[in-house]
Amino acid sequence: MALRRMFTKAVIRSAHFMRMPLDAQFLYLQMLLDADDDGFIANPELEVTIAKCAQEDLQTLIDKHYLMVFPSGIALIRHWFLHNYIRKERYRASVYPEKRQVTLTKERVYIWLEEECDA
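Residues numbered from 1 in each chain as written. Predicted model: local features only at pLDDT ≥ 70, side-chain atom pairs only at ≥ 80, totals over all residues. Heavy atoms only, no water.

A.B. asks: Which residues make up the sheet that holds strand 3 (residues 75-77), and what values do they have?
C.D. replies: With antiparallel pairing, 3 strands are arranged side by side in an open sheet as 1-3-2. The open sheet terminates on both sides in strands that have one partner only, identified here as strand 1 (40-41) and strand 2 (67-69). (Pairing = 2+ DSSP bridges. Helix = DSSP H or I, 4+ residues; strand = E, 2+ residues; numbered from the N terminus.)

A.B. asks: Please set out the environment of Arg-108 residue by residue, giving values where relevant.
C.D. replies: By the element assignment, Arg-108 lies in the loop between strand 4 (102-104) and strand 5 (110-112). Residue classification places Arg-108 among the partly exposed residues on the basis of a relative accessible area of 35%. As for Arg-108 and Leu-82, which are separated by 26 residues in sequence, their C-alpha atoms are 6.2 Å apart. Apart from the residues within four sequence positions on either side, Arg-108 is in contact with Arg-78, Phe-81, Leu-82 and Asn-84. A distance of 3.3 Å separates a polar side-chain atom of Arg-108 from the backbone oxygen of Phe-81. (Buried < 20%, exposed > 50% of the residue type's maximum accessible area, 1.4 Å probe, protein only. Contact = heavy atoms within 4.5 Å. Polar contact = N/O pair within 3.5 Å; in protein donor to acceptor, adjacent residues only side chain to side chain.)

A.B. asks: Go over the packing of aromatic side chains with me, naming the residues and quoting the values.
C.D. replies: In this structure the tally under the stated criterion is 8 aromatic pairs. Judged by centre distance (4.9 Å) and plane angle (80 degrees), the ring pair of Phe-70 and Trp-112 falls under edge-to-face. Within this pair, whereas Phe-70 is found in the loop between strand 2 and strand 3, its partner Trp-112 is found in strand 5, the two being separated by 42 residues in sequence. (Phe/Tyr/Trp six-rings, centres within 6.5 Å; stacked < 30°, edge-to-face > 60°.)

A.B. asks: I'd like a description of the side chain of Asp-38, backed by residues and values.
C.D. replies: If you trace the backbone, Asp-38 turns up in the loop between helix 3 (22-34) and strand 1. For Asp-38, a relative accessible area of 2% translates into the label buried. A polar contact is formed between the side chain of Asp-38 and the backbone nitrogen of Ser-94, at a distance of 2.8 Å. Filtering out sequence-adjacent residues up to four positions away, Asp-38 remains in contact with Leu-76, Trp-80, Phe-81, Tyr-91, Ala-93, Ser-94, Lys-99 and Tyr-110.

A.B. asks: Please give an account of helix 3 that cites residues and values.
C.D. replies: Here helix 3 spans 19 Å end to end across 13 residues, near enough to the 18 Å set by a 1.5 Å rise per residue. Within helix 3 the residues assigned to the buried category are Ala-24, Gln-25, Leu-27, Tyr-28, Gln-30, Met-31 and Leu-32. (Expected span 1.5 Å × (residues − 1).)

A.B. asks: Lay out the pattern of salt bridges in plain terms, naming residues and giving numbers.
C.D. replies: In this structure the tally under the stated criterion is 3 salt bridges. In this structure, Lys-99 and Asp-38 form a salt bridge, with 2.9 Å as the shortest nitrogen-oxygen distance. Here the residue Lys-99 occupies a position in the loop between helix 6 (80-83) and strand 4, and Asp-38 occupies one in the loop between helix 3 and strand 1, the gap between them amounting to 61 residues. Among the salt bridges present, the one from Arg-87 reaches Glu-89, with a minimum N-O distance of 2.8 Å. Residue Arg-87 is classed as partly exposed on the basis of its relative accessible area of 40%. (Salt bridge = Lys/Arg side-chain N within 4 Å of Asp/Glu carboxyl O.)

A.B. asks: So what's going on with the nonpolar core? Which residues, and what values?
C.D. replies: Counting 30 residues, the largest nonpolar core has Tyr-28, Leu-61 and Ile-77 as its most contacted members. Element by element, the count of residues in this core is highest for helix 3, at 5 residues. Leaving out residues up to four positions away in the same chain, Ile-77 has contacts with Tyr-28, Met-31, Leu-32, Ala-35, Gly-39, Ile-41, Tyr-66, Leu-67 and Tyr-110. (Core = buried A, V, L, I, M, F, W, Y, C linked by side-chain atoms within 4.5 Å.)

In structure tokens:
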């Protein structure tokens, strides 16, 4: 896991983000710090505990489309590549097979593969 992460104001200063409860905002920022180089989080439940937040905050991030959760329990930060650019020599690809279930839009936001067909 990297020791440095970036946050883009386009996401965290947006009106949509700022209308969320503060604990949900904090949880999102904590998850940005702990995600792998592709934006995957192995155990979002643990992140809730570490951040001293509630399950409702995790659900808010899912409902507001900041976080995608797979049936396996793995989570993915949708706007990961808006926040972070990782140089090739430092990048470590995600080990999670769930990566095959998503794709990036031209705006660099993750979507489910089946959404691409609907657009």
